[in-house]
Amino acid sequence: MPSRARRLPVHASSWRHSGKSPCTRKRMPKGQFVFQSLEETNYYLAAQAPGYLDVINKRADFSARLRSQGADPNTCEIQPGSGDISKTTDASGTVHGKIAVALTKGAVIGGRVTDPDGLPMENARIQILRKGPVVQNGLANIHGGQTNDKGEFRAGQLEAGTYYVRVDQSGGGAWESSYRSTYYPRAIDLAGAKPLEIAAGQQARADIQIARVAGVRVSGRLIAPDIDASGSRRFTYASVALVPEDSRENTNQPFTNGRENYSFEDVLPGHYTLLAVIFETGVDPFGGNQKAVFGMKRSIEIGDQEMDGVDLTLQPLADLPGTVTFQEGCPAIPVRVSMYPRGGFALGPAPMTTTAPDGSFVLQGVGPGHRMVNVSGQSQGVYATSVKLGDRDVLKEGIDWPVSGAEPLRIEVGCNTGRLR
Amino acid sequence: MKMLLLALLFAAMAAGQTAQGDIVNAATGAPLPGARVSTNGPNGKPVMVKADAGGHFQLPAGTGSMFGLRVSYPGFLPDSRMVQFGQAGMNLRIALAPACVITGTIQDEDGFPVEQANVQAVRYRLQRGKRALGFVGSTQTDDLGHYRLANLPAGRYWVRVNASRLANWDRRYVAQYFPGGLQPDPANRIEVQAGQERGGVDIRMTKHEGVAVTGRVETPSGAVVSTGPYWVELQTEFHGMRESSSVTVSDNTFVIRHVAQGSYIVRAHTGNYPPVAGDLMGQQKLEVGDADEPNLVVQMQQVQPVDIAGTVVMDDGRPAPPLQVGVRGTMGSGVSAQTAEDGSFTLKGLLWGHYDVSVYPVRSADGRVAGPPAGFPRSAKLGEQEVLDTGFDVETTSPGPLHIVMSNRQIKLTGSLTDASGQPAAGISLAFVRDENWTENIGNTDGQGALHAAVRQAGDYHIYVVRNQNSMDDEDYLEQHANDFPVVHVVDGANAPLVLRMPGMQ
């Protein structure tokens, strides 16, 4: 239930809707705030208090619109938004607006993570997940954190709702290959996870013991043409990933020995995508210029037997050229074209380039995986209306790279974006 | 030191030998069952084993003849060390020191908890022989304002809080030290003993009004600002701990409020950071007292790429082999150049900023070093100024030719190390420190307590046991253990074997 924060210090801020930064900030120990000398424009409010959920301008149900008018900046007219607003006018004609912002107490999930032997697990990554619009395996990551030296964690500022808690190795803790990413209380997948339902202001405890499940080894050689034959001095190194179907996370940390061998330990049975890439960099120890030069991507079915000798033959990764054209009425300006991973897994950095004056571009060093094409420009409102690879429009579905015999990309750019208020 | 350990980690490997040992609590001698021991196995593949119920562990066969070991156990400081086999196998005894913890609560001036504040355990550290403040551990407060600084070595610390989320609402909440104040006070250090959890280190933050610095930026006549508004940043540094605040400037004037007394660098620049050629930048020193600074003028200059020519020579007169000379900027990426046959080089296109000097061997595509070893840089001078440790500044003109002297002189030391009872001390790292607190090198003992070390210069050396990764930059540790071993006088050429005995328990 929402509660009035009468005794709490409230940070309140008002934003000019067209401004980039708060024009006024207030912090009042008793919960009241006053903004004076407002300029004539529209505002949004934000409020923050210890133990309560932040109210920010994005939350339409708490936003309130104020409008000042006239030469006297102290004269304000309040136009009610969806907040609780009233207004009075004093004898001098000055309008005073009164806005009540109801803050909701935050909920808390805390707990302790132990390894399969019961020892505290330090530096494990904790994710507080909830069914939401930004999905990964159907869940949105609401809060991220790490366990402390006692394996403990505490996630505050949560809205009332139903949550799942997941722990994995990304925090850098000592993690054996047979340890699994584990959902509360000890499940290796969402089906076995126990949801936590918490109300506003409630605290829930979620102790998690990391599950240990042995799997099989998948290993082999990386086979690529001799790229040193050109005589240029280059460093190369390899990266390999084994990604479960419908996931965006590498399943196990692989071991790669230079660019010759790889192995994954304790892989569970299932359907996976195996990706490999060889990068080259200059000999300059200051690095940079990392470029994917060979790559491969294939499906693999893993059972309950060790799979040694899974050799991966990498092919040269061709550059991906293309052209940008503009819709009628849009100025032909240089735009930035990039390919970033989304909705899947991709190896290597997102390649990026800027179009030439004639609209042409070449994306180099595109690592294997699923990537989306993005266009951005210095002027606001530039966006891609279609991205065609051959006859196929890949704007929404993306590209599974590498594509053999890929034709140049044809990107059409529009410029008439609307604005959200 | 970490670079040295990493380099040794990938040293020569040999098959057929196994290492085993016991993990114990350094304070009580009790075994630590379940302690994690990790190393690199055959072909460099990571291996992790756990100590059994008696604290005993055994690494799989095929581990190298020299390898890195990392041992950890919850609540204890991890131990990272290089281990070298002797002629026979190896039985290690690794004692983990109980870690220390400092806990407390951060509140604002009204007594309400401060969430998401960054809390640090700060002390003076010795970096390249210089004393500077640095943090040993850091954490964030939770929604109740509680913090827990864990995994600290025993010692004395200041506790510092930087509450940027709170300061975003009220700029007067600047970074503060326990129990209050903007500077670390020697009387307010928190001392923690091994294994101690010290609670109640609470900080009630106060608002500091400070003074206002008002000024304007002046652009050179005819300069065209290519991008966006200016940023003006006020940066101060107290013994290596930096504080800064910045504002955006759209009409060439600026006001920075709530500035504490101290020495500052005022830096103004146009939109790009790090700057690009054509941007405008300006910086100047500013002493802030107890009154407002009403009229500061920062003269801007157009950022131009500059070149620095230089030479590399060996200290024994031989020509230097091919080398890669690089400078890395604190505000941007680095620039490097390969030396010509006569040792000359030119670093091209350095933009405004501070740069550190590095020298690397030139490697072929397979990673092998080309030419004979050149050793390490002993000196790097811009004119008469030594810049190897300090780095140098570049503004709009070349700061002058850079002369680098390389050396590969090393004085090898051998000997033996025993524990307090006279038994060989295996797998111990020793640091050799010259009088000016410069950690010269790390030596290691093998499975039979035989010592192998090398230093770069003749001189008098203090010897310390390297107990953890923080030992050698902790001035308290160096002071307490300065006399654990007699001072060793190292001469050029052959030195007599060292016979060393450790005081007390390892």
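Residues numbered from 1 in each chain as written. Chains lettered and ligands numbered in written order. Predicted model: local features only at pLDDT ≥ 70, side-chain atom pairs only at ≥ 80, totals over all residues.

## A short note on the overall build of chain B
When helices and strands are counted, chain B shows 3 helices and 40 strands. Within chain B, the proportion of its 506 residues that are buried is 34%. For chain B, long-range pairs separated by at least 24 residues make up 65% of all intrachain contacts whose partners lie at least 6 apart in sequence. (Helix = DSSP H or I, 4+ residues; strand = E, 2+ residues; numbered from the N terminus. Buried ≥ 20, exposed ≤ 12 C-beta atoms within 10 Å, placed from the backbone. Contact = placed C-beta atoms within 7 Å.)

## Some points on the overall build of chain A
Along chain A, the regular secondary structure elements total 0 helices and 33 strands. Counting contacts in chain A only where the partners sit at least 6 residues apart, residues at least 24 apart contribute 61% of the total.

## Overview of the sheet that holds strand 28 (residues 360–363) of chain A
Hydrogen bonds between backbone groups are what pair the strands of a sheet, and the pairing can be parallel or antiparallel. Residue and element names in this part refer to chain A. What the 5 strands build is an open sheet, ordered 28-25-33-30-31; its pairing is mixed. Where the open sheet ends on each side, the last strands, each with one partner, are strand 28 and strand 31 (392–393). Pairing of strand 25 (residues 320–326) with strand 28 involves 4 bridges; the strand directions are antiparallel. Along strand 28, the bridge assignment pairs Leu 320 with Leu 363. (Pairing = 2+ DSSP bridges.)

## Concerning the pairing of strand 30 (residues 383–389) of chain A
Residue and element names in this part refer to chain A. Sheet topology note: the strand 30/strand 33 (residues 409–414) ladder contains 6 bridges and is antiparallel. If you follow Ser 386 over to strand 33, its bridge partner there is Glu 412. Pairing of strand 30 with strand 31, which is carried by 2 bridges, proceeds in the antiparallel orientation. Across the sheet, Leu 389 pairs through a bridge with Arg 392, a residue of strand 31. Between strand 30 and strand 31, which pair antiparallel in sequence order, lie 2 residues; one of them, Gly 390, sits at a positive phi of approximately 70°.

## Details of the domain arrangement of chain A
The accessible area lost on association of the parts is a frequent measure of interface size. Residue and element names in this part refer to chain A. Segmenting chain A into domains produces domain 1 (10–100), domain 2 (107–209), domain 3 (216–316) and domain 4 (320–414). At the junction of the two partners, domain 3 supplies 14 residues and domain 4 supplies 12 residues. Top element by residues in the side of domain 3 that touches domain 4 is strand 22 (residues 291–302). It accounts for 5 residues. Partitioning the side of domain 3 that touches domain 4 into residue classes produces 7 nonpolar, 4 polar and 3 charged. (Domains from an automatic or database assignment. Nonpolar A, V, L, I, M, F, W, Y, C, P; charged D, E, K, R; others polar.)

## Here we look at the environment of Ser338(A)
Residues and elements named next belong to chain A. Structurally, Ser 338 can be placed in strand 26 (residues 335–346). For Ser 338, a count of 17 C-beta atoms within 10 Å gives the class partly exposed. Expressed as a C-alpha distance, the spacing of Ser 338 and Asp 117, which sit 221 residues apart in the sequence, is 46 Å. Ignoring any residue separated from it by four or fewer positions in sequence, one finds Ser 338 in contact with Ala 350, Pro 351, Met 352 and Asn 374.

## Looking at the sheet that holds strand 23 (residues 293–299) of chain B
Residue and element names in this part refer to chain B. The 3 strands are arranged 20-17-23 in an open sheet whose pairing can be described as mixed. For this open sheet the edge positions go to strand 20 (253–259) and strand 23, each flanked by a neighbour on one side alone. Going from strand to strand, the sheet's axes swing by 25° on average, the running direction of each strand aside. Pairing between strand 17 (residues 211–218) and strand 23: 5 bridges, direction parallel. In the sheet register, Glu 218 faces strand 23, and the bridge partner there is Gln 299. (Axes fitted to C-alpha atoms, helices over the stretch in contact; angles between N-to-C directions.)

## Some details on the nonpolar core
Of all hydrophobic cores here, the largest spans 72 residues; its most connected members are Ile23(B), Leu96(B), Ile102(B), Ile106(B), Leu152(B), Val159(B) and Leu430(B). Beyond its immediate chain neighbours, meaning those up to four positions away, Ile102(B) contacts Ala121(B), Leu149(B), Leu152(B), Tyr157(B), Val159(B), Ile190(B), Val192(B), Arg198(B) and Val201(B). Counting residues in hydrophobic clusters, the runner-up holds 45 residues, among them Val243(A), Tyr262(A), Phe264(A) and Phe279(A). (Core = buried A, V, L, I, M, F, W, Y, C linked by C-beta atoms within 7 Å.)

## Points about the confidence of the model for chain B
Residues and elements named next belong to chain B. For chain B, per-residue confidence averages 82 on the pLDDT scale, and residues scoring 70 or more make up 85% of the total. Overall, residues 1–15 carries pLDDT values under 50, and its contacts beyond four positions in sequence, including any with other chains, amount to 24 contacts. The complex model carries a pTM of 0.79, and its ipTM stands at 0.76. (pLDDT = per-residue confidence, 0-100.)

## Side note on unusual backbone geometry
All names here are of chain A. Following Tyr 184, the chain continues into Pro 185 via a peptide bond in cis, with omega recorded as 0°. Within the secondary structure layout, Pro 185 lies in the loop between strand 13 (182–183) and strand 14 (196–198). With an omega dihedral of 5°, the bond running from Trp 401 to Pro 402 counts as a cis peptide bond. Assignment of secondary structure puts Pro 402 in the loop between strand 32 (399–401) and strand 33. Positive phi values are uncommon outside glycine, yet Asp 266 reaches one of about 55°. Turning to its location among the elements, Asp 266 is positioned in strand 20 (residues 261–267). Given 18 C-beta atoms within 10 Å, Asp 266 falls into the partly exposed group.

## Concerning the environment of Trp352(B)
Residues and elements named next belong to chain B. As for its position among the elements, Trp 352 is in the loop between strand 28 (344–350) and strand 29 (353–361). By the C-beta count within 10 Å, which is 28 here, Trp 352 ends up buried. Those residues in contact with Trp 352, other than ones at most four positions away along the chain, are Pro 275, Met 281, Val 303, Val 394 and Glu 395.

## Thoughts on the confidence of the model for chain A
Residues and elements named next belong to chain A. Overall, the predicted model of chain A reaches an average pLDDT of 76, with 67% of residues at or above 70. Below pLDDT 50 for its whole length, residues 1–8 participates in 17 contacts with residues either more than four positions away or in separate chains. Under a pLDDT of 50 for its full length, residues 14–26 has, in the predicted model, 29 contacts with residues more than four places off or in other chains.

## Some details on the environment of Gly54(B)
All names here are of chain B. Residue placement: Gly 54 occurs in the loop between strand 3 (46–50) and strand 4 (56–58). Residue class for Gly 54 comes out exposed when judged on the 11 C-beta atoms lying within 10 Å of it. Considered as a pair, Gly 54 and Leu 32 are 22 residues apart in the sequence and their alpha carbons are 7.2 Å apart. Ignoring sequence-local partners within four residues, the contact set of Gly 54 consists of Pro 31 and Pro 33.

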